[in-house]
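If you want the building blocks of each chain, they are given just below.
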Amino acid sequence: MGFRCGIVGLPNVGKSTLFNALVASGAAEVGNYPFCTVDPNVGRAPVPDPALHEVARLARSRKVVPSVLEVVDIAGLVVGASKGEGLGNRFLGHVREVDALLHLVRCFEDDQVAHAPGAVDPLHDIALIETELMLADLESLERQREAAIKRARGGDKEAKDRLAAIEPALALLEKGCPARAPDLPDENAKREFLALNLLSAKPVLYVGNVDEASAAAGNAMSQAVAVHAAAGDAEQVVISAAIEAEIALLDDPAEKGEFLEALGLEAPGLDRVIHAGHRLLGLIRFLTATETEARAWPIPAGSTAVEAAGRIHTDFARGFICAETIPADELIALGGEQAARTAGRMRQEGRAYVVRDGDVMLFRFNV
């Protein structure tokens, strides 16, 4: 669907290592020096979905296609990026192109890995990145406000709506707060606010990168990041990027399970990162399953049945008759589609039905 999460952070916090683990490709160069990543790497991380595989087994599907999270590995930021320092303008341009941010924060001590500002302090690192994003937004909005004021004086309705979006966002930035939740007066202002595409307004998931010993429970630094995330209405997960990179290279499920057990982990931390990234983008998924293929389809939360049908093919939406649906967990518990029909658990829903995460759907249409 084109939804992209960008991995951001200071140099040498493990961004490329995390990217490689997410896409299990080894495509991103990893090195202990600033600007190892100059041009952003782009990959697709499959969303772990045990329910999809179980539904596929029941339907005897020959192919399984999970939902994916598109991930962009963006070059490390330095102080002064908003003024063009380092790779500043390119960095900010790459951030502007993504829909949400996976903000990787270093939460480990290691004398062998350089740290740009000196001592390891995750809250200080977070503040550095957020400040650069806010400064860039502040400069952009001040320019846009001047132009909007001139046009609004001439009676331009769109300029007035744009100004109604700019003023509350500027008020937040001038107080040193990201422009994530400005108090907007109406729907027109909300629409204009989204069009501003502000860097500091993008949803954020903080990813605390810890050492191997702290992979299971985190540490004091990752706990400080969790408190910061909660205060800013953001999400946070803890991983050890180095460990996740090793796990991603293990093909044997038994070997992977033994490795996780030895580390005291129930599942790879990347599973939580990917699921949190999906939520960050406001996505849910519905499932379809035939003998040919079982597939998870990502759609925005709140989508209707006819919109979900159109996600598969425009003809499905154009000729929509109804959707037969059942929650995946209920279908699995009953033992498959035929058993669900026999039990009378398959529901028929109309075009206005709001799809729920995990719905298994069969669309009836006529064109």
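Residues numbered from 1 in each chain as written. Predicted model: local features only at pLDDT ≥ 70, side-chain atom pairs only at ≥ 80, totals over all residues. Heavy atoms only, no water.

**Student:** What exactly am I supposed to notice about the packing of aromatic side chains here?
**Tutor:** Ring pairs (aromatic) are described by centroid distance and by the angle formed between their planes. Applying the stated criterion to the full structure yields 5 aromatic pairs. Through successive ring pairs, a cluster of aromatic residues spans Phe286, Trp297, Phe316, Phe320, Phe363 and Phe365. A cation over a ring is seen here: Arg295 above Trp297, with NZ or CZ 4.8 Å from the ring centre. (Phe/Tyr/Trp six-rings, centres within 6.5 Å; stacked < 30°, edge-to-face > 60°. Lys NZ or Arg CZ within 6 Å of the ring centre and 35° of its normal.)

**Student:** Got a minute to help me understand the sheet that holds strand E1 (residues 4-8) in this structure?
**Tutor:** Two orientations exist for strands paired in a sheet by backbone hydrogen bonds: parallel and antiparallel. An order of E2-E4-E1-E5-E6-E7 is seen for the 6 strands of this open sheet, with the pairing classed as mixed. Strands with a single pairing partner mark the edges of an open sheet, and in this sheet they are strand E2 (41-46) and strand E7 (235-239). Strand-to-strand twist in this sheet, taken as the mean axis angle between neighbours without regard to direction, amounts to 25°. Across 6 bridges, the pairing between strand E5 (residues 100-106) and strand E6 (residues 204-209) is parallel. Looking at the pairing, Leu104 lines up with Val207 of E6. With respect to the sheet, helix H1 (residues 15-23) is in contact with E1, E2, strand E4 (68-73), E5 and E7, its orientation differing from that of E2 by roughly 45°. The sheet strands contacting helix H10 (residues 269-280) are E1, E2, E4, E5, E6 and E7, and the helix crosses E7 at an angle near 165°. (Pairing = 2+ DSSP bridges. Helix = DSSP H or I, 4+ residues; strand = E, 2+ residues; numbered from the N terminus. Axes fitted to C-alpha atoms, helices over the stretch in contact; angles between N-to-C directions. Contact = heavy atoms within 4.5 Å.)

**Student:** I tried to follow the side chain of Glu70 on my own but got confused; where do I start?
**Tutor:** Of note, Glu70 is situated in strand E4. A polar side-chain atom of Glu70 sits 2.6 Å from a polar atom in the side chain of Arg4. Not counting the four nearest positions on each side in its chain, Glu70 is found in contact with Phe3, Arg4, Cys5, Val42, Gly43 and Arg44. (Polar contact = N/O pair within 3.5 Å; in protein donor to acceptor, adjacent residues only side chain to side chain.)

**Student:** Honestly, H10 in this entry has me stumped. Any pointers?
**Tutor:** Counting along an α-helix, one turn takes 3.6 residues, and residues three or four places apart therefore face a common direction. Taking 1.5 Å as the rise per residue, H10 with 12 residues should run 16 Å; its terminal C-alpha atoms sit 16 Å apart, in good agreement. Considered for burial, the residues of H10 that qualify are Gly269, Leu270, Val273, Ile274, Ala276, Gly277, His278 and Leu280. Directly beyond the C-terminal end of H10, a positive phi value near 70° is found at Gly282. (Expected span 1.5 Å × (residues − 1). Buried < 20%, exposed > 50% of the residue type's maximum accessible area, 1.4 Å probe, protein only.)

**Student:** Help me understand the pairing of E5 in this model?
**Tutor:** Put simply, side chains in a regular strand alternate between the two faces of the sheet. Where burial is concerned, most of E5 is hidden: 7 out of the 7 residues are buried. Across the two faces of E5 the burial is the same, with Ala100, Leu102, Leu104 and Arg106 and Leu101, His103 and Val105 all buried. Judged from the 4 bridges that link them, E1 and E5 form a sheet pairing that is parallel. Counterpart to Cys5 in the pairing with E5 is Ala100.

**Student:** Which parts of the structure should I look at to understand the pattern of salt bridges?
**Tutor:** A side chain with one charge may pair with a side chain of the opposite charge, provided their charged atoms come close. Throughout the structure, instances matching the rule amount to 20 salt bridges. In this structure, Arg4 and Glu70 form a salt bridge, with 2.6 Å as the shortest nitrogen-oxygen distance. Taken together, the residues span a long stretch of sequence, with Arg4 in strand E1 and Glu70 in strand E4 at a distance of 66 residues. For Glu70, a relative accessible area of 18% gives the class buried. Close ionic contact of Arg341 with Glu337 constitutes a salt bridge, the shortest N to O distance being 3.0 Å. With Arg341 and Glu337 both in helix H14 (residues 337-342) and 4 residues apart, the pair spans about one turn of that helix. In this structure Arg341 comes out as partly exposed when scored by relative accessible area, which is 30%. Residues joined in a network through salt bridges with shared partners are Glu324, Glu337, Arg341 and Arg364. (Salt bridge = Lys/Arg side-chain N within 4 Å of Asp/Glu carboxyl O.)

**Student:** Before we go on, may I ask you to explain the confidence of the model for the protein in this structure?
**Tutor:** Detailed reading of the predicted model is not advised wherever pLDDT is low. Per-residue confidence for the protein gives a mean pLDDT of 87, with 89% of residues at or over 70. Of the regions scoring below 50 in pLDDT, residues 25-38 engages in 38 contacts with residues more than four places distant in sequence or in other chains. In this model residues 84-88 is a low-confidence stretch, pLDDT under 50, and it forms 11 contacts with partners more than four residues away in sequence or in other chains. (pLDDT = per-residue confidence, 0-100.)

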